[in-house]
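Coordinates in review
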Amino acid sequence: MTIQADATQDNASKSGITPLVAGNWKMNGQRSSITEVMAIRDAILEAQNKPKTDVMICPPATLLMVLAELIDNSVVAFGGQDCHILEKGAHTGDISAAMLKDAGASAIIVGHSERRENHSETDDIVLQKAQAVHNQGLMAIVCIGETKGQRQAGLTIEVVSRQLAASVPEGATAKNTVIAYEPVWAIGTGLVPTLEDVANVHKAIRKALCERFPAQGANMRILYGGSVNPTNAQDLMSVENVNGALVGGASLKATDFLQIIDVYAPSD
Ligand code: 13P
């Protein structure tokens, strides 16, 4: 699939959906990383051709409050990376959606494959977490995606559809829910699906969302995640039904993340 230079803008403007470029810092980032976020903020504010996209960073919870207090969330918004299903209580080491909201988060990632794998999170747990996010009036970024084995077995659409149906709460709207399609085998590997494959999966997700949420599905954002970098972002973001990116490694450095955000900057 060959992508025209302006196709990203076309894709974004045709859909009428404001794209979202979100950085998931995972277990990375200390006090010294605050300068990276300040550099992102400054570059966005100074850009002549301001990117037509929402920008978000999901730092470790330790940095959330200081970043949210330092940076105007209309320029860079902040999100959590996970939350407990409950609002409070005796759950040592856990953090609730209410606490993340209190610290300045406007969104929370739930169901990331690293949580599903490393913490045995089922679709039902992810559903309850997404519901907890909605209960706080925040936006849930619900992650879904197939493993390498599932892809090789031809089960991608089946797996993604099942996760979508079972992890997204009934009350999902275009405002409170973003879907992130992240093929597990593409995360942190430098591997990405073909653009045709991305298009097919995103089309299936869009269809399922429209069927289940007739009034909202067409406007819900569907992000692609998995080895997005400054080199491949333009092509990936040009694919129909790709409404932005969930970026891991390449969101840690302002220069890389800004280049990804910049695929949504209008050209002269
Ligand atoms: P990478 O961009 O490092 O592959 O990570 C993707 C991801 O898991 C974002 O949530």
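A brief report on the enclosed structure follows. (Residues numbered from 1 in each chain as written. Predicted model: local features only at pLDDT ≥ 70, side-chain atom pairs only at ≥ 80, totals over all residues. Heavy atoms only, no water.)

Observations regarding the side chain of Asn241
Threshold: Per the convention used, a helix needs a DSSP run of H or I reaching at least four residues, while a strand needs a run of E reaching at least two, with both numbered from the N terminus. Residue exposure (1.4 Å probe, protein chains only): buried if accessible area is under 20% of the type maximum, exposed if over 50%, otherwise partly exposed. By the criterion applied in these results, polar contacts are pairs of N or O atoms within 3.5 Å in which, for protein atoms, one can donate a hydrogen and the other can accept it, and in which residues neighboring in sequence qualify only through two side-chain atoms. Contacts are residue-level and defined by heavy atoms, with any inter-residue pair within 4.5 Å sufficient.
Looking at the element boundaries, Asn241 is found in the loop between helix H10 (233-237) and strand S8 (244-247). Note on Asn241: relative accessible area 16%, which makes it buried. A polar contact is formed between the side chain of Asn241 and the side chain of Arg206, at a distance of 2.9 Å. Those residues in contact with Asn241 that sit more than four places away from it in its chain are Asn11, His202, Lys203, Arg206 and Ile222.

Focus: the environment of His112
Within the element layout of this structure, His112 appears in the loop between strand S4 (107-110) and helix H5 (113-118). Separated by 137 residues in sequence, His112 and Gly249 place their C-alpha atoms 15 Å apart. Residues contacting His112, with those up to four places away along its chain left out, are Asn24, Lys26, Cys143, Glu182 and Ile187. Separated by 2.9 Å, the side chain of His112 and the backbone nitrogen of Glu114 make a polar contact.

Some thoughts on the site of the ligand
Heads up, the condition is: We call a residue near a given molecule or strand whenever any one of its heavy atoms falls within 4 Å of it. To be clear on the numbers: accessible area is Shrake-Rupley with a 1.4 Å probe, and residue cover counts the displayed protein chains and nothing else. Residues are grouped as follows: Ala, Val, Leu, Ile, Met, Phe, Trp, Tyr, Cys and Pro are nonpolar; Asp, Glu, Lys and Arg are charged; all remaining types, including Gly, are polar.
With respect to spatial proximity, 13 residues lie near the ligand, and among them Lys26, His112, Gly188, Ser227 and Gly249 are the closest. Gly188 is positioned with one of its backbone polar atoms (N or O) 2.6 Å from an oxygen atom of the ligand. Between the ligand and the protein, one listed contact pairs an oxygen atom with a backbone N or O atom of Gly249 at 2.8 Å. When the ligand is considered free in solution it has 310 Å² of accessible area, and contact with the protein chains removes 94% of it. Here the residues of the shell around the ligand sort into 4 nonpolar, 7 polar and 2 charged.

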